[in-house]
Amino acid sequence: MRVVPVLVSADNYAYLLIDEPTRKAAVVDVLDVEKVQAVADKEGVSIVAGITTHHHQDHSGGNKACLFLVSTYPSIPVYGGFDVPAKTHLVEDGGEFTVGDNIHVRCLATPCHTKDSICFHATDTSIKSQSGAVFTGDTLFLGGCGRFFEGTAEQMHASLSKLAALPDDTVVYNGHEYTAGNVAFAKTIEPENPAIGRLFKLAQENKVTTGLSTIGDEKEWNVFMRLDKVAIKQATGAEGPGAVMNKLRELKNNFRG
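Note that the structure is predicted; figures quoted are calculated from it, not measured.

Enquirer: Help me get a handle on the packing of helix α4 (residues 153–164) against helix α9 (residues 241–253), residues and values and all.
Expert: Helix packing geometry: the angle between the two helix axes and the distance between the axes. Direction vectors running N to C along α4 and α9 enclose 100°, while the axes themselves pass 8 Å from each other. For the element pair α4 / α9, the angle class is roughly perpendicular. Across the interface between the two elements, Ala153, Glu154, Met156, His157 and Leu160 from α4 touch Pro241, Gly242, Met245 and Asn246 from α9. When the residues that make up the contact of α4 with α9 are grouped by side-chain class, the tally is five nonpolar, three polar and one charged.

This is how it looks when you write it as structure tokens:
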């Protein structure tokens, strides 16, 4: 299993999820179909499926074009939640499917940013020692989380807790390149956390940070996944996880650092 990020706009990522033995790939959150197809051609892979994390245009906008563009691959499935346009396969929490012969994908419902948000956990059944990957759309970012457009702080806490239960070595592939802004905010909330210093260094040294973090890393440096820490409660002036999450999101929405 191999994942190739494709920057399809100023900060938007699509991905090719490649089953290397079969040279078959799923495209995650296709927006600019031509850019994704060009990378697929360069990699020498055939697109056999589409995967969409949520219905927002910058993640689902290429679905119809994808169906047209890859018409040489008959009946390509497009997996997505209930509001995703042009999907062919509705997925829900706990749903499963395969890409190629070897990649197993499990669906995790993570509502809040949108009601239909789904994260996709991929593992290679032929290489048991390889770390899994999780495509988190706009739910989990490196060092941050998505805005609560269609949900509540409690829902985001539940969604991030579900992702936190994945194996610590699971590699995170998020929907946007927001790491620099997220770490600047985190430093104001938990300034004594040495892990945030590591994230700051990572963001400084890499223009593309997606795929350079794991679930274990996020539990160390993502303040939205550390709601029980004393420093974060003090920074927010809140106690319960829902209240802390709500205040953190409010602070981040207004952050201009």
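Enquirer: Please set out the sheet that holds strand β1 (residues 2–7) residue by residue, giving values where relevant.
Expert: Pairing in this open sheet of six strands is mixed, and the strands run β1-β2-β3-β4-β5-β6 from one edge to the other. Looking at strand neighbours, the two that pair on one side only are β1 and β6 (89–90), the edges of this open sheet. Note: strand β5 (residues 78–80) against β6, two bridges, orientation parallel. By the bridge assignment for β6, Gly80 is matched with Leu90. Along the sheet, helix α1 (residues 33–43) contacts β1, β2 (13–19), β3 (24–28) and β4 (46–51); its crossing angle with β1, the most-contacted strand, is approximately 140°.

Enquirer: Break down the packing of helix α5 (residues 179–189) against α9 for me, with residues and values.
Expert: It is the contact of α5 with α9, at a shortest axis distance of 11 Å, that shows an interaxial angle of 120°. Considering their axes alone, α5 and α9 lie oblique with respect to each other. Judged by the twist between their axes, the crossing of α5 over α9 is right-handed. Of the residues in α9, those in contact with Gly181, Asn182, Phe185 and Ile189 of α5 are Leu248, Leu251 and Lys252. Residues of the contact of α5 with α9, tallied by class, amount to four nonpolar, two polar and one charged.

Enquirer: Which residues make up the pattern of salt bridges, and what values do they have?
Expert: Applying the stated criterion across every chain yields a total of ten salt bridges. In this structure, the salt-bridge partner of Arg2 is Glu20, at a minimum N-O distance of 3.2 Å. Taken together, the positions of Arg2 in strand β1 and Glu20 in the loop between β2 and β3 put the pair 18 residues apart, joining distant regions of the chain. Since its relative accessible area comes to 27%, Arg2 is described here as partly exposed. Across the salt bridge formed by Glu250 and Lys247, the nearest N and O atoms sit 3.3 Å from each other. Of this pair, Glu250 and Lys247 both sit in helix α9, three residues apart, which is roughly one turn of the helix. Glu250 sits in the partly exposed class, given a relative accessible area of 38%. A residue is classified by how much of its surface remains accessible, and Lys247, at 28% relative accessible area, is partly exposed. The network of salt bridges with shared partners includes Arg2, Glu20, Arg23 and Glu43.

Cut-offs used in this document
Residues numbered from 1 in each chain as written. Predicted model: local features only at pLDDT ≥ 70, side-chain atom pairs only at ≥ 80, totals over all residues. Heavy atoms only, no water. Axes fitted to C-alpha atoms, helices over the stretch in contact; angles between N-to-C directions. Helix = DSSP H or I, 4+ residues; strand = E, 2+ residues; numbered from the N terminus. Parallel < 35°, antiparallel > 145°, perpendicular 65-115°, else oblique. Contact = heavy atoms within 4.5 Å. Nonpolar A, V, L, I, M, F, W, Y, C, P; charged D, E, K, R; others polar. Pairing = 2+ DSSP bridges. Left-handed = near helix turned anticlockwise from the far one by under 90°. Salt bridge = Lys/Arg side-chain N within 4 Å of Asp/Glu carboxyl O. Buried < 20%, exposed > 50% of the residue type's maximum accessible area, 1.4 Å probe, protein only.

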